[in-house]
Amino acid sequence: MLYTELLRLWDEAVKAVDARDWQGALSKLNQITEPTSRTLFLTASAHLALGQLEPAIQALDQTIAKDERLAVGFFQRAGTLIMASRLEEALNDCISAQKHMRGNVVIDYRQLGLRYKLYSWQVLYNAAAVHSRLNQLDKARDILLSASQEKGGGRRGQNVEVALHSISKGEVLPVLLVPEGEVFRPRKQDVEQLGQRDFLGKPMVISSMIPNDDFGGFEPLRTNKPGYYEPKVDRVQESRYMRLRTPYMSQATGQLTVPGGAIVFIFSDADRDGLATVIHDGQKGLVPMTLLDPVDVNKSKGRKNYKSIPSGIPLPPGLKPPTRPQSQLCHKEPPQEMPDREASPPFYASASATNLPTTSTPPPRCPSTVDSPTELTEDPLANRTILYQMVALYDYAAEGPEDLEFSEGDTIDILSEVNEEWLEGHCAGNIGIFPSLFAYREGEAPQPSIG
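Rules used in this analysis
Residues numbered from 1 in each chain as written. Predicted model: local features only at pLDDT ≥ 70, side-chain atom pairs only at ≥ 80, totals over all residues. Heavy atoms only, no water. UniProt positions renumbered as here; feature names shortened; annotations may be inferred. Helix = DSSP H or I, 4+ residues; strand = E, 2+ residues; numbered from the N terminus. Buried < 20%, exposed > 50% of the residue type's maximum accessible area, 1.4 Å probe, protein only. Areas by Shrake-Rupley, 256 points an atom, 1.4 Å probe, with all protein chains shown as cover. Phe/Tyr/Trp six-rings, centres within 6.5 Å; stacked < 30°, edge-to-face > 60°. Lys NZ or Arg CZ within 6 Å of the ring centre and 35° of its normal. Pairing = 2+ DSSP bridges. Axes fitted to C-alpha atoms, helices over the stretch in contact; angles between N-to-C directions. Parallel < 35°, antiparallel > 145°, perpendicular 65-115°, else oblique. Left-handed = near helix turned anticlockwise from the far one by under 90°. Contact = heavy atoms within 4.5 Å. Nonpolar A, V, L, I, M, F, W, Y, C, P; charged D, E, K, R; others polar. Salt bridge = Lys/Arg side-chain N within 4 Å of Asp/Glu carboxyl O. Expected span 1.5 Å × (residues − 1).

- The name that an unreviewed UniProt entry assigns to the chain is NADPH oxidase activator 1, with the source organism given as Hucho hucho.
- Under Subcellular location (unreviewed entry), UniProt gives the following word-for-word description of the chain: "Cytoplasm".
- Comment text from UniProt for the chain, heading Sequence similarities (unreviewed entry), reads "Belongs to the NCF2/NOXA1 family."

1. What to know about the overall build of the chain
- Each helix and strand in the chain was counted, giving eleven helices and 14 strands.
- Every one of the 451 residues in the chain was classed for burial, and the buried ones make up 40%.
- For the chain, the accessible area works out to roughly 26400 Å², and carbon and sulfur atoms hold 50% of it.

2. Here we look at the packing of aromatic side chains
- All chains considered together, the criterion is met by five aromatic pairs.
- Considering the side-chain rings of Tyr-396 and Phe-406, the 5.8 Å spacing of their centres and the 35° angle between planes classify their relative orientation as tilted. Separated by ten residues along the polypeptide, Tyr-396 in the loop between strand 10 (388-392) and strand 11 (411-417) and Phe-406 in the loop between strand 10 and strand 11 bring together distant segments of the chain. Considered together, Tyr-396 and Phe-406 belong to a single accessibility category, that of buried residues.
- An aromatic cluster is present here, built from Tyr-396, Phe-406, Phe-434 and Phe-438 joined pairwise through their rings.
- Taking NZ or CZ as reference, Arg-441 lies 3.9 Å from the ring centre of Tyr-388, over its face.

3. Quick look at unusual backbone geometry
- One non-glycine residue, Ser-85, adopts positive backbone phi at about 65°.
- Assignment of secondary structure puts Ser-85 in the loop between helix 5 (71-83) and helix 6 (87-100).
- What makes Ser-85 exposed here is its relative accessible area of 58%.
- Its identity as a non-glycine residue notwithstanding, Arg-102 has a phi of 55°, on the positive side.

4. A short note on the pairing of strand 13 (residues 430-435)
- Burial of strand 13 is extensive: five of the six residues sit out of reach of the surface.
- As judged from the six bridges shared by strand 12 (residues 422-427) and strand 13, these two strands associate in the antiparallel manner. By the bridge assignment for strand 13, Cys-427 is matched with Asn-430.
- Taking the residues between adjacent antiparallel strands as the criterion, strand 12 and strand 13 are bridged by two residues, where Ala-428 takes a positive phi near 55°.

5. Section: the packing of helix 5 against helix 6
- Interhelical geometry of helix 5 versus helix 6 gives an angle of 160° and a closest axis separation of 8 Å. The angle between helix 5 and helix 6 places the two elements in the roughly antiparallel class. Handedness of the crossing formed by helix 5 with helix 6: left-handed. Contact residues: Ala-71, Phe-74, Phe-75, Arg-77, Ala-78, Leu-81 and Ile-82 in helix 5; Leu-87, Glu-89, Ala-90, Asp-93, Cys-94, Ser-96, Ala-97 and His-100 in helix 6.
- Of the residues contributing to the contact of helix 5 with helix 6, the split by class is ten nonpolar, two polar and three charged.

6. So, the pairing of strand 7 (residues 275-280)
- Most of strand 7 is tucked away, with six of its six residues classed as buried.
- Because side chains alternate across strand 7, one face comprises the buried residues Leu-275, Thr-277 and Ile-279, and the other comprises Ala-276, Val-278 and His-280, equally buried.
- In this structure, strand 6 (residues 263-268) lies alongside strand 7, joined through three bridges in antiparallel fashion. Of the residues in strand 7, the one forming a bridge with Ser-268 is Thr-277.
- Hairpin connection of strand 6 to strand 7: six residues between the antiparallel strands, including Gly-274 at a positive phi of 80°.
- The hairpin formed by strand 7 and strand 8 (residues 283-288) contains two residues between the paired strands, and Asp-281 there has a positive phi angle of roughly 55°.

7. Here's the deal with the sheet that holds strand 10
- The strand order 13-12-11-10-14 describes an open sheet built from five strands, whose pairing is antiparallel. Of all the strands in the sheet, the pair left with one neighbour each is strand 13 and strand 14 (439-441). Direction aside, the axes of adjacent strands within the sheet are offset by 45° on average.
- Sheet topology places strand 10 next to strand 11; four bridges connect them, and they run antiparallel. Bridging across to strand 11, Val-391 finds its partner in Thr-411.

8. A short note on the pattern of salt bridges
- One pass over the full model with this rule turns up 16 salt bridges.
- As a salt-bridge pair, Glu-180 and Arg-20 come within 3.9 Å of each other at their nearest N and O atoms. Residue Glu-180 is found in the loop between helix 9 (156-168) and helix 10 (188-192), and its partner Arg-20 is found in the loop between helix 1 (3-18) and helix 2 (22-29); the two are separated by 160 residues along the sequence.

9. Concerning helix 7 (residues 120-133)
- Taking 1.5 Å per residue as the helical rise, helix 7 with its 14 residues ought to reach 20 Å, and the 21 Å between its terminal C-alpha atoms agrees with that figure.
- Burial of helix 7 is extensive: 13 of the 14 residues sit out of reach of the surface.
- A positive phi of about 60° marks Asn-135, the residue just after helix 7.

10. Digging into the side chain of Asn-126
- Relative to the helices and strands, Asn-126 is located in helix 7.
- Those residues in contact with Asn-126 that sit more than four places away from it in its chain are Phe-75, Gly-79, Ile-82, Cys-94, Val-175 and Leu-176.

Below is the structure:
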């Protein structure tokens, strides 16, 4: 089967899943003669949505046969087997899922097309759910206590606390599964290549409308000039930029603290108190007019000290536009898999489960690379102070190497406040910056989304 045909059917099946047309999705998937582990996982998800447990288990059997190290496949099959009351098989799948986590606290499958993060505590939770159905409440409680010690994010604390309460009342635990509709998707770039593309284009012939003009030919290339806007001001005088001769510290409400030599944008002339309204670093406020000197940014754009202008000041054509805040963190190195000798193994019924180490993903480091796979790494929060904690309101995907990626419900340790809109935080062993509107402090009402 041609890969382009597989890609087309896969994409059509995903669109059917998004429309909650499960039968339509299965119809497209059944036309794939050489399915992959990811399309088989999609097939199992469609059967689960229809409540067809046995076909879903069969599809997951084929998924794992195609990829024997797919931890999320074992996790999904364990949950399905629990629902089918095949408890011993489900427990074995929990052990296999923990094994193929390879000591990681979390595995993000986004690069493979699945918008889902599998946490180690979720695997332990399903193992406890098996023991609760076998009426082995003590073992279930021990596993949940082990899960509560796991590092990581998601909704671990809330789920484990509720589960421990249910075990104390002798109730069975509900099953955790990959959310309905979250399936492996083909890459957007590959799907875009399926359509026919005109690489040559169509030429446009222009003839002059001026009488007695014999010009004819192709339309010439036009140079595009960059355009930046400047704020609207109340006065008639042209907008202008000025520079502070000396630093100025805010002395009253509405005034700005501006370093010496900083470029500011003048909004209005000085009032009767000698204060002018300016913009600096995205903030609007007052500074003394006597400290300001005129500056021509266009003539100064060749100097080195004008390569960057504080964000929030609109610039004329020819200079770089304002940029997002830059993180002060070091470059992150790829995570190294290392055993944590102090971590306790997960508690399972079988003997083989006690040999599975539970480790955390080592944090990014600045100094040197790892010499051997057994070398321990330093704590990313060493010599750092946690100001307070926040809870993620939404998923945030990193847009640069300095960003901190997290999911809705994750707990974030706040290390510093970059400015009014960006914070530096720690989550799941990583440190980076993120927009403050994506999280809220516990005890405070979350801010509603805008737009």
